[in-house]
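These are the residues of each chain, in order.
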Amino acid sequence: MKLDYSTLETETLSNNPKQNRIDSIAIQNQDVRQLKSIVPKPKKPVSIEQIDEAIITTITEKNKNNLLNNSSTTSDSNILDEIQEFPTTRYYGSKKRLLPWIYENTKGLEFNTVLDAFGGTASTSLLFQTMGKKVTFNDGLKCNQIMATALLQNNKELLPQKEFEEFIKEVIPNRGFISHTFHNDYFTEEENQWLDGIALKIHSLTCEKVKSIYFYCLFQACLQKRPFNLFHRKNLNLRLRDVKRSFGNLKTWNTEFSVLMLRSYKQLSKMTTNFDCSPIILPATDASEIKGKFDLVYLDPPYINSKPTSDTYLKKYHFLEGLSNYHSWSDHIKDDGSRYS
Ligand SMILES: C[S@@+](CC[C@H](N)C(=O)[O-])C[C@H]1O[C@@H](n2cnc3c(N)ncnc32)[C@H](O)[C@@H]1O
């Protein structure tokens, strides 16, 4: 199913973590075809206490008792330890830091299958998978579908470090689409040419799982090298200007892609999790079109903003989406050269 990008909604998370609120909700025993009516209508973001209440009020009486009677067990500490090993996400609205809280509030529920309909970084899917659940992941962006493929698989033997390092070393920079289209926008000319080289090389691979690992590491490197980890502004000058800085991380911005990619690879390989259930990763789909039945549906949609000009997820991450669809990237570029249409 092709996603209509105009339906990717907007979000207004503050850069100040203290002001960030969560708007996710867990719903049990729902036919997903009803999702359209379940997704909350545009309203003010709710507080964490309200979400707590929302989860409690959407579960069955039996599960409510389970939840209230739950006490910590040995496996609790294992899962909480494993959460600490989950890779850093660098994504707007990621719930990675809230995973211990989400775990505490869902561990007492009886469910085997779960849909993460607005999956983003797949952190919450990773948590459910670590809890031994059968996870179905979805997100409107293909780059997130690819990252979920890398994160949610048992991939330790799939791509040995030596092979990974050789592959990166063999990248041949070239003046391709990125270099022509995004001159001085997000990365330097030398970096653009290297990105053109690696994009071609990754897309030439045939194994989707191996591809996803390279892409995962490439996307993480791209995010790390961007001010605010975003692509919503063409602001390479923030990085290149010779000024005294009170924010940002110049050292990381200037670190080579290959070095940052290897760091992400190591973080991914360090995860100790061995999953019992393999996940279902849906092709990037509008959440309201997902079909199927699940014991639990976890919804973490974007905040909806009344201002039409505010940034969508696509605007924030269009560059990663372009790398995911490298050979058809030019078809999606708008006149301003900046993003998908
Ligand atoms: C708040 S984020 C989810 C964060 C995620 N729970 C995590 O921990 O990373 C919202 C996600 O919804 C996705 N999205 C936006 N509109 C969508 C739609 N119509 N259908 C599916 N996904 C959508 C965005 O791409 C974004 O990744």
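Check the entry above for the structure.
Each chain carries its own residue numbering, running from 1 in the direction its sequence is written. The predicted nature of this model means local features are confined to residues of pLDDT at least 70 and side-chain atom pairs, given and counted, to a pLDDT of 80 or more, with totals for whole chains, interfaces and linings taken over all residues.

Asks: Even after reading the chapter, I still don't get the overall build of the chain, so can you show me in this structure?
Replies: Within the chain one finds 15 helices and five strands. Any residue with 12 or fewer other C-beta atoms within 10 Å of its own C-beta is exposed, any with 20 or more is buried, and the rest are partly exposed; the C-beta atoms used are placed from the backbone. Counting all 341 residues of the chain, 34% fall into the buried class. Note on contacts: each residue gets a C-beta atom placed from the backbone, and two residues are in contact if those atoms are within 7 Å. Within the chain, counting contacts between residues at least 6 apart in sequence, those at least 24 apart form 78% of the total. Put simply, DSSP marks the helices as runs of H or I at least four residues long and the strands as runs of E at least two long, and each gets a number from the N terminus on.

Asks: Just to check I follow, could you spell out the site of the ligand for this structure?
Replies: The criterion for a residue being near a molecule or strand is simple: its C-beta atom, placed using the backbone, must lie within 6 Å of it. Surrounding the ligand, one finds 23 residues, the nearest of these being Gly93, Phe118, Gly120, Thr121 and Gly140. Nonpolar residues are Ala, Val, Leu, Ile, Met, Phe, Trp, Tyr, Cys and Pro. Charged residues are Asp, Glu, Lys and Arg, and all others, Gly as well, are polar. Tallied by class, residues from the shell around the ligand come to eight nonpolar, 10 polar and five charged.

Asks: Could you clarify how one ought to interpret the packing of helix α6 (residues 123–130) against helix α7 (residues 142–152) in this entry?
Replies: Helices that pack against each other are described as a pair by the angle of their axes relative to one another and the distance between those axes. At a closest axis distance of 10 Å, the pairing of α6 and α7 adopts a crossing angle of 30°. Overall, the two elements α6 and α7 adopt an arrangement that is roughly parallel. At the point where α6 passes α7, the crossing takes the right-handed sense. Here α6 contributes Ser125, Leu126 and Gln129 to the contact with α7, which in turn contributes Ala148, Leu151 and Leu152. Classifying every residue of the contact of α6 with α7 gives four nonpolar, two polar and no charged. Between N-to-C directions, angles cover 0 to 180 degrees, with each direction set by a line fitted to C-alpha atoms, over the stretch in contact for helices. For classification, angles of less than 35 degrees are called roughly parallel, those exceeding 145 degrees roughly antiparallel, those between 65 and 115 degrees roughly perpendicular, and all remaining angles oblique. Put simply, a crossing is left-handed when the front helix is turned counterclockwise from the back one by less than a right angle, and right-handed when it is turned clockwise.

Asks: Sorry if this is basic, but what is going on with the packing of α7 against helix α11 (residues 208–224) here?
Replies: Look at α7 against α11: their axes get within 8 Å of each other, and the N-to-C directions meet at 110°. Taken together, the axes of α7 and α11 lie roughly perpendicular to each other. Where α7 crosses over α11, the two elements pack in a sense that is left-handed. Along the contact surface, α7 presents Cys143, Ile146, Met147, Thr149, Ala150 and Leu151, while α11 presents Glu208, Lys209, Ser212, Ile213, Phe215, Tyr216 and Phe219. Looking at the contact of α7 with α11, its residues break down into nine nonpolar, two polar and two charged.

Asks: Please explain the nonpolar core as it appears in this structure.
Replies: Nonpolar cores are built from buried Ala, Val, Leu, Ile, Met, Phe, Trp, Tyr and Cys residues. These are joined into a set through C-beta atoms within 7 Å. Core analysis: the largest hydrophobic core is formed by 62 residues, its most contacted members being Met147, Tyr216, Leu218 and Phe219. The dominant element in this core, judged by the number of residues it contributes, is α11, at 10 residues. Counting the residues that make up this core, at least three belong to each of domain 1 (17–154 + 276–304) and domain 2 (172–268). Excluding residues within four positions of it along the chain, Met147 makes contact with Thr121, Ala122, Tyr216 and Phe219. Reported domain spans reflect what an automatic or database domain assignment gives.

Asks: Looking at this structure, I do not really get the environment of Ile198. What am I missing?
Replies: As for its position among the elements, Ile198 is in helix α10 (residues 189–203). On a C-alpha basis, the gap between Ile198 and Ile172 in space is 7.3 Å, while along the polypeptide they are 26 residues apart. With residues near it in sequence (within four places) discarded, Ile198 still touches Val171 and Leu218.

Asks: Teacher, can you tell me more about unusual backbone geometry here?
Replies: Excluding glycine, most residues fall at negative phi; most peptide bonds, likewise, are trans. The phi dihedral of Arg90 falls on the positive side, at around 55°, and the residue is not glycine. Within the secondary structure layout, Arg90 lies in the loop between α4 (74–85) and α5 (99–106). One non-glycine residue with positive phi stands out, namely Asn184, at about 60°. Checked against the element boundaries, Asn184 lands in the loop between α9 (177–181) and α10.

Asks: I keep staring at α6 and nothing clicks. Help me out?
Replies: Side chains of residues three or four places apart in an α-helix project in the same direction, reflecting 3.6 residues per turn. Where burial is concerned, most of α6 is hidden: eight out of the eight residues are buried. Those residues of α6 not exposed but buried are Ser123, Thr124, Ser125, Leu126, Leu127, Phe128, Gln129 and Thr130.

Asks: I would appreciate a short explanation of the environment of Pro160 in the present structure.
Replies: Positionally, Pro160 belongs in the loop between α7 and α8 (161–169). For Pro160, a count of 11 C-beta atoms within 10 Å puts it in the exposed group. Separated by 105 residues in the primary sequence, Pro160 and Tyr265 place their C-alpha atoms 9.9 Å from one another.

Asks: What's the story with helix α14 (residues 257–270) in this structure? I'm lost.
Replies: Expected helix span is computed as 1.5 Å times (number of residues minus one). In this model α14 runs 20 Å from its N-terminal to its C-terminal C-alpha over 14 residues, within 8% of the 20 Å that 1.5 Å per residue would give. Along α14, the residues that are buried comprise Phe257, Met261, Ser264 and Tyr265. One face of α14 carries all of its buried residues, which in axial projection span an arc of 105°. In α14, the exposed positions angled more than 90 degrees off the buried face are occupied by Val259 and Lys270. Elements in contact with the buried residues of α14: α8, α10 and α11. Think of the arc as the fan of directions from the helix axis to the C-beta atoms.

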